[in-house]
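Listed below, chain by chain, are the residues.
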Amino acid sequence: MGVVTAKRPVRPGSTAPAKQAGPTWRAKLRRDWPLLVMNLPMLLVVLAFWWIPALGNVIAFQDYNPFTGGIAGSPIIGFTNFALLMEDPQFLRAVVNTLSITAFQLVFYFPVPIMLALLLNSIVSARLRAFVQGVVYMPFFFSWVLVVAIFQQMFGGAGLLAQLLRENGREAVDWMTNSDTFILLITSQTIWKDAGWGAIIFLAALSTIDPNLYEAAAVDGARRWRRMWHITLPGLRPVIVLLLILRLGDALNVGFEQFMLQRSAVGSGASEVFDTFVYWSGLRTGDLGYGAAAGLFKGLVGLLLIVAANRVAHAFGERGVYSR
């Protein structure tokens, strides 16, 4: 028989032995130094091109002049640049246009990559799926100059659609210069260019769903739509929530080149967005402090939107961008 050793009784009033402490930072360093060395080049890139330049945002609080005093010699004016922004009708119009375009594209563009991924995932033939994926991915690698040129040839005043209307005795419409339908134009351009590439993330998420779930549901009599509603969409929900949060945080960043190329055609009233405002009011006029204030305002609004959307995701039981 083995010898049974009795546990030492704990006297009344005495405390239980403390838990064993975790590894010290020296032990963690000896354990993880290869991973730290691997990440060091990227950390240096982020430090050199992100964090150090971010210190230049101090010019938003200065009457900045790069030719006389620079950052060190320019006088501090506090929040004067921000107050001028709130009184600038051009800035307010740019904010309204940007938020309107973001809201419109959240409804009419954001679901398109999801539906495209579902359609691609339903193609049985591997060769056909690869061919279709290549076709829908290709426009992502086109520059915005080429995309706008293609749409001009299709929907411009002398484009293919206008010529077909004239040949059939109809009045031609120049969609490329119509400010009333500009939001439809840029959304269709974004869908054609980016939807295929955006579907990659959802296709990757679909590949992680257990195929046994579909087989069990089919055995139980669930049809395709029921399987998609109860298996596919719940499997995609964490990715959808994550990308939606990131899109909300990027709400004031709807693009620069796409709008800059079409500004002269439709006018600044419809095409003036946040990025073009920063360019025209800051870089073109030389008022860099004013432009920096607008850029800093954009970053702070994006941060607040991410934090708020992440809290909403936590309230609905999703992980979000970061955990609590």
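Residues numbered from 1 in each chain as written. Predicted model: local features only at pLDDT ≥ 70, side-chain atom pairs only at ≥ 80, totals over all residues. Heavy atoms only, no water.

If you check an unreviewed UniProt entry, the protein chain appears there as Sugar ABC transporter permease from Nonomuraea zeae. Within the UniProt record for the protein chain, the comment given under Subcellular location (unreviewed entry) is "Cell membrane". The heading Sequence similarities (unreviewed entry) in the UniProt record of the protein chain holds the text "Belongs to the binding-protein-dependent transport system permease family." (UniProt positions renumbered as here; feature names shortened; annotations may be inferred.)

Participant: Whenever I open this one, the overall build of the protein chain confuses me. Can you help?
Facilitator: Counting secondary structure elements, the protein chain contains 15 helices and zero strands. For 324 residues, the compact-globule estimate of 2.2 N^0.38 gives 20 Å, and the C-alpha radius of gyration of the protein chain, at 28 Å, exceeds that figure by more than 25%. Principal-axis analysis of the C-alpha atoms gives the protein chain an extent of 105 × 70 × 35 Å. Counting the 324 residues in the protein chain, one finds 30% classified as buried. Within the protein chain, residue pairs in contact and separated by at least 24 positions form 62% of the contacts whose partners lie at least 6 positions apart. Carbon and sulfur atoms provide 66% of the accessible area of the protein chain, an area that totals close to 21400 Å². One finds the centroid of the 26 positive side-chain charges in the protein chain at a distance of 19 Å from the centroid of its 18 negative side-chain charges. (Helix = DSSP H or I, 4+ residues; strand = E, 2+ residues; numbered from the N terminus. Rg over C-alpha atoms; globule rule 2.2 N^0.38 Å. Buried < 20%, exposed > 50% of the residue type's maximum accessible area, 1.4 Å probe, protein only. Contact = heavy atoms within 4.5 Å. Areas by Shrake-Rupley, 256 points an atom, 1.4 Å probe, with all protein chains shown as cover. Lys, Arg positive; Asp, Glu negative; His and termini not counted. Charge placed at Lys NZ, Arg CZ, Asp CG, Glu CD.)

Participant: Please clarify how the UniProt feature "domain: ABC transmembrane type-1" (unreviewed entry) in the protein chain should be interpreted in this entry.
Facilitator: With numbering aligned to this structure, UniProt lists the feature "domain: ABC transmembrane type-1" (unreviewed entry) at residues 95-309. Counted over residues 95-309, helix gives 76% and strand 0%. Its end C-alpha atoms are 19 Å apart.

Participant: Sorry, what's going on with the environment of Trp280 here?
Facilitator: Within the secondary structure, Trp280 sits in helix H14 (residues 274-283). Classification of Trp280 by relative accessible area gives partly exposed; the value is 27%.

Participant: Before we go on, may I ask you to explain helix H5 (residues 111-121) in this structure?
Facilitator: Quick reminder: α-helices carry 3.6 residues per turn. Residues three or four places apart thus point the same way. For H5, the full list of buried residues reads Val112, Pro113, Ile114, Leu116, Ala117, Leu118 and Leu120. Next to the buried residues of H5 lie helix H4 (89-108), helix H6 (126-137), helix H9 (182-206) and helix H11 (224-249).

Participant: Would you take a moment to explain the pattern of salt bridges for this structure?
Facilitator: A pair can form between side chains of opposite charge whenever their charged atoms are brought close. Tallied over the full model, the rule gives four salt bridges. Where Asp194 meets Lys193, a salt bridge forms, and the shortest distance between an N and an O atom there is 3.8 Å. Summarising the burial analysis for this pair, Asp194 and Lys193 share the class buried. Its salt-bridge partner being Lys298, residue Asp275 comes within 2.6 Å of it at the nearest N-O pair. Here the residue Asp275 occupies a position in helix H14, and Lys298 occupies one in helix H15 (residues 288-315), the gap between them amounting to 23 residues. The buried category is assigned to Asp275, whose relative accessible area is 15%. (Salt bridge = Lys/Arg side-chain N within 4 Å of Asp/Glu carboxyl O.)

Participant: Honestly, the UniProt feature "transmembrane region" (unreviewed entry) in the protein chain in this entry has me stumped. Any pointers?
Facilitator: The UniProt record annotates "transmembrane region" (unreviewed entry) at residues 33-52, 64-85, 106-124, 130-151, 231-249 and 288-309. Helix makes up 74% of residues 106-124 and strand 0%, whereas the separation of the span's terminal C-alpha atoms amounts to 30 Å. The annotated region residues 231-249 carries 100% helix and 0% strand content, and the separation between its end C-alpha atoms amounts to 28 Å.

Participant: What is the right way to read the packing of helix H10 (residues 211-219) against H11 from this model?
Facilitator: A pair of packed helices can be characterised by two numbers: the angle between their axes and the separation between those axes. As a packed pair, H10 and H11 sit with axes 11 Å apart at the nearest point and diverge in direction by 150 degrees. What the angle tells us is that H10 and H11 run roughly antiparallel. Seen from above, H10 lies across H11 with right-handed handedness. Listed contacts from H11 to Leu213, Tyr214, Ala217 and Ala218 of H10 are Arg227, Ile231 and Thr232. For the contact of H10 with H11, the per-class residue count stands at five nonpolar, one polar and one charged. (Axes fitted to C-alpha atoms, helices over the stretch in contact; angles between N-to-C directions. Parallel < 35°, antiparallel > 145°, perpendicular 65-115°, else oblique. Left-handed = near helix turned anticlockwise from the far one by under 90°. Nonpolar A, V, L, I, M, F, W, Y, C, P; charged D, E, K, R; others polar.)

Participant: For this particular structure, what's the right way to read the environment of Phe277?
Facilitator: Along the chain, Phe277 turns up in helix H14. According to the relative accessible area criterion, Phe277 is buried, its value standing at 2%. For Phe277 and Val95, which are 182 residues apart along the polypeptide, the C-alpha to C-alpha distance reads 9.3 Å. When residues no more than four places from it in sequence are discounted, the contact partners of Phe277 are Leu85, Asp88, Gln90, Phe91, Ala94, Glu272, Gly282, Tyr290 and Ala294.

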